[in-house]
Amino acid sequence: MGQWERFLGPYKQAVDELKVKFRGMRSQFSAEGTTSPIEFVTGRVKPLASIYDKSFEKGIPFEPSEQLARELQDIAGIRIMCQFVDDITTVVNLIRQRDDLRVIEEKDYITHKKPSGYRSYHMIAEYPVETVSGKKTVLVEIQIRTLAMNFWASIEHSLNYKYKGDFPEEIKLRLKRAAEAAFQLDEEMSSIRYEIQEAQAYFSENKEAQNPKIREEKERE
């Protein structure tokens, strides 16, 4: 096993475990007949090329080390998508209450958006994983955002690679306009969230009612 594989192993384990746990939260809300504030969850370990770029930017040696682990807080990344802006606050509070991780830093880019128009809520947490060599605590960045915010951020991220951060003024302006349009969409959807949730519940119930196998299972209960 190479040094980078050993170094990144606990981060991969943390991402895998947290994806299962946060997806489990969504299932628990559904099992209780409550609308989940979590729409879906993704996660990733930062690729070596991105670690190299970040370490170069910060002036840190590109090698597995405690300094690298301390300075690069987003080697392990979890992204939680929500349907509505208000759901983000709910998810943030749920994460703060957890006993299996410790939140050490929060950044609210929704109330205080970035100059580019970027919106999201970021949390940095310490998360312990059990390895064959003992317990290892790693930093995990958790991003919570709406589907519209995520769409904008994905596009901006792709363009950032193309232009290496130096956006033409026209593209920069269009991105800002798109960010505001995405946020207006979120606000409009939030204003009719109860109608949307009722429609989703109605659709789900009717779909189940039309499935004979599910109907039989419910009758057995």
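Below is a summary of the structure that appears in this document. (Residues numbered from 1 in each chain as written. Predicted model: local features only at pLDDT ≥ 70, side-chain atom pairs only at ≥ 80, totals over all residues. Heavy atoms only, no water.)

Some details on the pattern of salt bridges
Opposite charge on two side chains allows them to pair when their charged atoms are near. Tallying each qualifying case throughout the model produces 13 salt bridges. A salt bridge links Asp74 to Lys46, with the nearest nitrogen and oxygen atoms 3.0 Å apart. With Asp74 in the loop between α3 (66-71) and β2 (76-82) and Lys46 in the loop between β1 (40-45) and α2 (48-58), this residue pair connects regions lying 28 residues apart in the sequence. Residue Lys46 is classed as buried on the basis of its relative accessible area of 12%. Here Glu105 and Lys107 are joined by a salt bridge, their closest N and O atoms 3.5 Å apart. Judged by relative accessible area, which is 37%, Lys107 ranks as partly exposed. Several salt bridges converge on common partners, so that one network encompasses Lys21, Arg98 and Asp100. (Salt bridge = Lys/Arg side-chain N within 4 Å of Asp/Glu carboxyl O. Helix = DSSP H or I, 4+ residues; strand = E, 2+ residues; numbered from the N terminus. Buried < 20%, exposed > 50% of the residue type's maximum accessible area, 1.4 Å probe, protein only.)

Description of the nonpolar core
Judged by nonpolar contacts, the single largest core of 39 residues is most densely connected at Phe22, Ile78, Ile80, Ile95, Val140, Ile142 and Ile144. Where this core is concerned, the elements lending two or more residues are α1 (3-31), α3, β2, α4 (85-96), β4 (121-131) and β5 (134-146). Examining the composition of this core, we find that nine residues originate from one element, α1, more than from any other. What Ile144 contacts, discounting residues up to four positions off in sequence, is Ile80, Cys82, Ile88, Val91, Val92, Ile95, Ile110, Ser120, Tyr121 and Met123. Counting residues in each nonpolar core, the second largest holds seven residues, with Tyr109, Ala153, Phe167 and Leu175 among its members. (Core = buried A, V, L, I, M, F, W, Y, C linked by side-chain atoms within 4.5 Å. Contact = heavy atoms within 4.5 Å.)

Some points on the sheet that holds β4
A sheet is described by the order of its strands in space; here five strands give the open sequence β1-β2-β5-β4-β3, paired in mixed fashion. The open sheet is flanked by β1 and β3 (102-108), the only strands paired with a single partner. Across the sheet, the axes of successive neighbouring strands diverge by a mean angle of 25°, strand direction being ignored. When β2 meets β5, the two strands line up parallel, connected through seven bridges. When the bridges of β5 are listed, Ile80 appears paired with Ile144. Sheet strands touched by α4: β2, β3, β4 and β5. Its angle to β5, the strand with the most contacts, is close to 165°. Against the sheet, helix α5 (residues 147-163) makes contact with β1, β2 and β5, and its axis sits at roughly 100° relative to β5, the strand it touches most. (Pairing = 2+ DSSP bridges. Axes fitted to C-alpha atoms, helices over the stretch in contact; angles between N-to-C directions.)

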